[in-house]
Amino acid sequence: MNARLLLAAVAATALVAAVAASPASAQGTRNLRTEAPAPAVPTFVDGLAQAVFSTNPADWYSGEVWVQASFDSDHDGKLDRIHTDFTAPQEVLSDGLKVPVVFEDSPYYAGTASEYSNWAVDHELGAPPATRPATPLWPAFNTSPTISTRYESTWVPRGFAVVHAESPGTGHSDGCPTSGSTNETLAAKAVIDWLNGRVAAYTTRTGDTPAAASWTTGKVGMIGTSYNGTIPEAVATTGVEGLDAIVPISAISDWYDYYRANGMVRAPHSSSNPTGNNNAFQGEDLDVLADVVYSRLDEAGPRTICQPEIDYLKAHIDRATGNRSGFWQERNYMKDVDNVHAATLLAHGNNDFNVMTKNAAQFYAALKKRDVPHMFYFHQGGHGGMPPDVLINYWFTRYLYGVQNGVESLPRSWVVREAASCPPRQTTVAGDQSNTATLTVADTSPFGIGFVLTVPQTNANGTLTNTTRLITDIPDATHLVLASAVATGTGQKVADGTVVSLVCGNANPTPYAEWPDPTSSEVALHLTPGAPSRGGLTIAPSVPGSPTETLTDDASIAALTSANTASSNVRLIYQTPPLTQPVRISGTPTVSLQVAFSESRANLTAALVSYSPAGNGTILTRGWIDPANRNSDRADAPTKPGRMYGIDFDLQPKDTVVPAGNRLALMVISSDRDFTIRPPAGTKLTLDLVHTSLTVPVVGGSKALADAIG
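Let me begin by describing the structure that accompanies this report. (Residues numbered from 1 in each chain as written. Predicted model: local features only at pLDDT ≥ 70, side-chain atom pairs only at ≥ 80, totals over all residues. Heavy atoms only, no water.)

Within this model, the largest pocket holds a volume of roughly 350 Å³. In terms of lining residues, the largest pocket is bounded by 19 residues, among which Leu48, Arg158, Asp389, Asn393 and Leu470 are the most central. Every element with two or more residues in the lining of the largest pocket is listed here: β4 (48–49), α10 (389–400) and β20 (464–476). The element that contributes the greatest number of residues to the lining of the largest pocket is β20, accounting for 4 residues. Its residues assigned to classes, the lining of the largest pocket shows 10 nonpolar, 5 polar and 4 charged. (1 Å grid on protein atoms, 1.4 Å probe; cavity = no way out; pocket = protein on both sides within 12 Å on 5 of 7 lines; lining within 4 Å. Points joined across faces, edges and corners; volume = space filled by probe spheres on them. Helix = DSSP H or I, 4+ residues; strand = E, 2+ residues; numbered from the N terminus. Nonpolar A, V, L, I, M, F, W, Y, C, P; charged D, E, K, R; others polar.)

Here's what the structure looks like:
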């Protein structure tokens, strides 16, 4: 196994049509007889499943069933049935082929409410409104007989079945939505049990004609984004037999960490660039989400069956204290993570402020600890973002078909690097080449199958035009096979000595041994005074006797605005000198603050900021805590005005390179307009600089950071 992702080809046989010719007749003609094509069989090349089955949906075998669940979440006295569809290559009927399954479960297929109300957030801390406006009736999409066609065109031609299931209380499924509670997990588990012959399914919602999944091997890989990615993690924590791989993308591992942070009521964000007034999710909570996805199609008029469940959610979310409780623990999949055996290819965005990166990092860390097969694709975007298709193909081929393709020997971490920090992965072309899909190059070792090559083409007039092609094969050390020919225009060529390369982006992540980077270590930074402008951030300990500094809460001012205001009493900022070399952060930053409050209730927010040489700041990551939860997120320990408290908390995990010339900074504010409850302005926070620090996980550790800041 080498580092360029060129896996050893596995033994696989592709049957082709046989053509036999009879002897020539006395008239000098030949009589050709063509045998019927042999059936397609699962085929693998270089460890990847190949699209050898029909790509025409008319040729596929499809249907719908209702799977019997083990619960009655709508309390009608009958076990819920879960609406499920399936699509497989027609060979499962014509040739008795059995195939593994790619499975997505979702509450979204029938649509979501277009009009709804979140909870009000402009109020005193601990005093939320008693209610919020009801969600009007909205029309849902019909999902019978086809729930979705997502994933079919990719996976059915490769020899997989694709299954979709509607979560309880959505579309044509029974039950009620509960925003991550046990019934939603068990509903998807029931589908896997049906695929393995352990539970029954029926051809109709209320009938008794059974439907068996005789066309599958029972090996299942779940995939999905956001809520659809959360369900695979939830089901994996049941340890259900047959769930052998999952690809959770922007997934929630603990719903408390989605709607709360260290005892604080903290909203997810609808944008990867929070600016203060662009968060459509501010005030959202578990009950709102259940309201939004509640789409049962058997209720023709106002939907009332699940209203008691939604009322139950409203009564137990506790927006007054924000504390963790048994109600929230039911939605905490981390407590059952020891049951996971499904090989996990995790994907998340560094700038996902919707499902924040803590959800990915803590789940991934638990898998590493248990030695479950794992891989992490970490891009620089926001919510969503699938891994490159080649990684998913390797994953499902290995863990659903059992092909020994060596994926477990690949690097575990794939980080999409910033353009300015992109490591060179390039070679030169050997000789002028035109109209060819096979490039002769000096060295193929920097490249991998499934990655995207940038090829500069020299035009007839001498100008250059860049084009990109997927690398489909690397047969040897000097040849790259591309998805289609390059330099096909009149007089066009790829000139001798042209540099072809992998440009960093979502299609070309950078491999690392593991995440966080094994060479990163925590570096503590200390504060020097400077309010209301900016103080210093240094590796040297703070000087004893340094003064305290004070800020005044004002939730009407966005954190980004505060970060980019030269002088302000709403925030405290401490920054390093300009970096003399890039610094890579890989892991979870933390803060240890010694702080006093003028009121018995307050918000507390910390942010890590990168200031460019031009002076503009970008918030890299943030963290939040309710000071009353400084000891535990389960119970309040009220603060006394004027008394100093040591408060330690985490910021969201991050993998980023801060460029040379930038300054790294800590910003402390109280309320965070984008995310927190927004009380009236005026609460004062006083920071003890001597006993306050920021800890950053730096690749290369203290030496690397010291070298960068002098």
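Anyway, onward from the coordinates.
Counted according to the given criterion, the structure contains 29 salt bridges. The partner of aspartate 287 in a salt bridge is arginine 132, and the shortest N-O contact between them spans 2.7 Å. Of the two residues, aspartate 287 is situated in helix α6 (residues 286–293) and arginine 132 in the loop between β7 (99–106) and α2 (152–155); the sequence distance between them amounts to 155 residues. Summarising the burial analysis for this pair, aspartate 287 and arginine 132 share the class buried. For arginine 324, the salt bridge goes to aspartate 633, with nearest N and O atoms at 3.0 Å. Of the two residues, arginine 324 sits in the loop between α7 (307–316) and α8 (326–329) while aspartate 633 sits in the loop between β31 (617–625) and β32 (645–650), which places them 309 residues apart along the sequence. Assessed through its relative accessible area of 11%, arginine 324 is described here as buried. (Salt bridge = Lys/Arg side-chain N within 4 Å of Asp/Glu carboxyl O. Buried < 20%, exposed > 50% of the residue type's maximum accessible area, 1.4 Å probe, protein only.)

Quick look at the state of the cysteines now. Using the criterion set out here, one finds 2 disulfides in the structure. Cysteine 176 shares a disulfide with cysteine 306; S-S distance 2.1 Å. Handedness of the cysteine 176-cysteine 306 disulfide follows from its S-S torsion of about -90°: it is left-handed. Of this pair, cysteine 176 sits in the loop between β8 (161–166) and α3 (182–195) while cysteine 306 sits in the loop between α6 and α7, and the two are 130 residues apart along the sequence. Classification of cysteine 306 by relative accessible area gives buried; the value is 1%. The residue that forms a disulfide with cysteine 422 is cysteine 504, at a sulfur-sulfur distance of 2.1 Å. One quick way to see it: the torsion about the S-S bond of cysteine 422 and cysteine 504 is about 85°, and its sign makes the bridge right-handed. Here cysteine 504 lies in the loop between β22 (499–501) and β23 (510–512) and cysteine 422 lies in the loop between β16 (413–415) and β17 (426–428), a separation of 82 residues in the sequence. Among the residues examined, cysteine 422 registers a relative accessible area of 25% and is labelled partly exposed. Taken in N- to C-terminal order, the disulfide-linked cysteines of the chain are connected 1-2, 3-4. (Disulfide = S-S within 2.5 Å.)

A few words on the packing of α6 against α7. With their axes 8 Å apart at the nearest point, α6 and α7 run at an angle of 160° to one another. One element, α6, and the other, α7, form an angle in the roughly antiparallel class. Between α6 and α7 lies a crossing of left-handed hand. Along the contact surface, α6 presents Leu286, Asp287, Ala290 and Asp291, while α7 presents Ile310, Leu313 and Lys314. Of the residues that constitute the contact of α6 with α7, the class distribution is 4 nonpolar, no polar and 3 charged. (Axes fitted to C-alpha atoms, helices over the stretch in contact; angles between N-to-C directions. Parallel < 35°, antiparallel > 145°, perpendicular 65-115°, else oblique. Left-handed = near helix turned anticlockwise from the far one by under 90°. Contact = heavy atoms within 4.5 Å.)

Before going further, it helps to spend a moment on unusual backbone geometry. Keep in mind that most residues, glycine aside, have a negative phi and that most peptide bonds are trans. Between serine 144 and proline 145 the backbone carries a cis peptide bond, its omega angle lying at 10°. Along the chain, alanine 531 connects to proline 532 via a cis peptide bond; the corresponding omega equals 5°. Its location among the elements puts proline 532 in the loop between β24 (520–528) and β25 (534–538). The backbone phi angle of tyrosine 151 is positive, close to 85°, even though this residue is not glycine.

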